[in-house]
Amino acid sequence: MDFKGKYAVITGGSSGIGRETAIAFAKRGANVILVARNEKKLNEVKDLCLQKGAAGAFAFVCDVGDYPQVKLACGKIAKRCGRVDVLVNNAGFGAYRPFENQEVYELEQMMKTNFFGTVYFTKELLRLMQSGSHIVNVSSMAGKLAFPNYSGYGASKFALSGFTGSIYYELKERGIGVHLVCPTGTKTRFFDNESFRHMPKSATYGKMMEASSVARLIIDAIEKNRREVVPTLRGRMGIILNALFPQFFGFIVSRNYQRRKKEGRNGQENKIRAV
Ligand SMILES: NC(=O)c1ccc[n+]([C@@H]2O[C@H](COP(=O)([O-])OP(=O)(O)OC[C@H]3O[C@@H](n4cnc5c(N)ncnc54)[C@H](OP(=O)(O)O)[C@@H]3O)[C@@H](O)[C@H]2O)c1
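All of the points below concern the structure found in this document. Note that the coordinates shown come from a computational prediction; the quantities given were computed from them, not determined experimentally. Along each chain, residues carry numbers from 1 onward, in the same order as the chain's sequence is written. Residues qualify for local features only when their pLDDT is at least 70, as the model is predicted, and side-chain atom pairs are given and counted only at 80 or more; totals for whole chains, interfaces and linings, by contrast, use all residues. Excluding hydrogens and water, the side-chain values take into account all heavy atoms of the structure.

A helix here means a DSSP run of H or I that spans at least four residues, while a strand means a run of E at least two residues long, and both kinds are numbered starting from the N terminus. A tally of regular secondary structure across the chain gives eight helices and seven strands. For the chain, whose C-alpha radius of gyration is 18 Å, the value lies close to the compact-globule estimate of 19 Å for 275 residues. Projected onto its principal axes, the C-alpha positions of the chain cover 55 × 40 × 30 Å. Per-residue burial over the chain gives 52% buried out of 275 residues. Per-residue accessibility takes into account occlusion by the displayed protein chains alone, with areas from the Shrake-Rupley method and a 1.4 Å probe. By element, 52% of the accessible surface of the chain is carried by carbon and sulfur atoms, the whole surface being about 13400 Å². We compute the radius of gyration from the C-alpha atoms alone; for a globule the expected value is 2.2 Å times N to the 0.38, where N is the number of residues. To sort residues, take the accessible area from a 1.4 Å probe on protein chains only and compare it with the maximum for the residue type: under 20% means buried, over 50% means exposed, and anything in between is partly exposed.

Axis geometry follows a simple rule: fit a line to the C-alpha atoms, using only the stretch in contact for helices, then measure angles between N-to-C directions, giving values from 0 to 180 degrees. Between helix H4 (residues 104-125) and helix H5 (residues 151-172), the least distance of the axes is 7 Å, while the angle of their chain directions is 15°. In terms of orientation, H4 and H5 fall into the roughly parallel class. Relative to H5, the crossing made by H4 is right-handed. Residue-level inspection shows Leu-107, Met-110, Met-111, Asn-114, Phe-115, Thr-118, Val-119 and Thr-122 of H4 in contact with H5, the latter providing Ser-151, Gly-152, Tyr-153, Ala-155, Ser-156, Lys-157, Ala-159, Leu-160, Phe-163 and Ile-167. To sort the angles, those under 35 degrees are grouped as roughly parallel, those over 145 as roughly antiparallel, those from 65 to 115 as roughly perpendicular, and the leftovers as oblique. Here is the rule for handedness: rotate from the far helix to the near one, and if that takes an anticlockwise turn smaller than a right angle the crossing is left-handed, while a clockwise turn gives right-handed. Contacts are assigned to residue pairs that have any heavy atoms within 4.5 Å of one another.

Keep in mind that these numbers describe shape and distance, not what the molecule does.
If you want it as structure tokens, here you go:
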């Protein structure tokens, strides 16, 4: 797909995967529209996108989990751009805690940001999307498989996977592509959340990805018209194993969880740091 002059909206464009995705679209000559809460960081990425070759770059401060704010931001996007060719619903955050220690407020925030943020933006921007447009929803392996300590995060990403699967069929009729990208652990500020401090490193389930690699997967999903992207063989095997032998998969995850709890008790702090 030739992205030159196209309008790409990226939520969570101020950091990590969203930032790298914005740069990837900029390098391809697109107009990038960045959405997040931190104005300073948004403007830094906006300037960077212009340097990298974006046809235009715009930044909108908005909490994606707040519908009135989303309506306002999308109204401004409509006025400024007139159309949207790509929507990457990427804004999100996670917390790594046992359900018993999880505040209901935090569970609600994850649902609002990770799930409703996508719902709100899709609802408000669909009217600006024509046949040939694309929506990419950034989920997670935690949205395909349940893991301990991810009850809130996993639930929000499972909801996102279900929502994406459903609109895939509906929007196909309008010629709008819908894609789900499920990254594994990626080196971003995601892990700055204090709840990850004592997460054993092994709990990221494999080698950490670079944010720029996830950005490439997002572009690839559009160009190769991929409905779902699960980047690692390990992830794909896990999904198949869980579907065919849920008891056995549960046994493995449970055994690893017990081991990791011991790791945690031995005081090994998580070494994952933001890039
Ligand atoms: N890193 C991983 O290991 C990993 C793995 C699988 C999936 N993911 C998913 O990838 C996506 C991007 O995360 P990341 O890893 O790039 O983390 P990140 O570096 O922390 O970036 C998260 C982005 O989301 C924005 N955001 C968070 N809450 C928001 C809100 N309420 N309203 C608007 N923007 C909000 C943040 O900007 P502001 O703070 O400025 O608002 C930031 O731009 C998330 O959906 C995450 O669940 C990450």
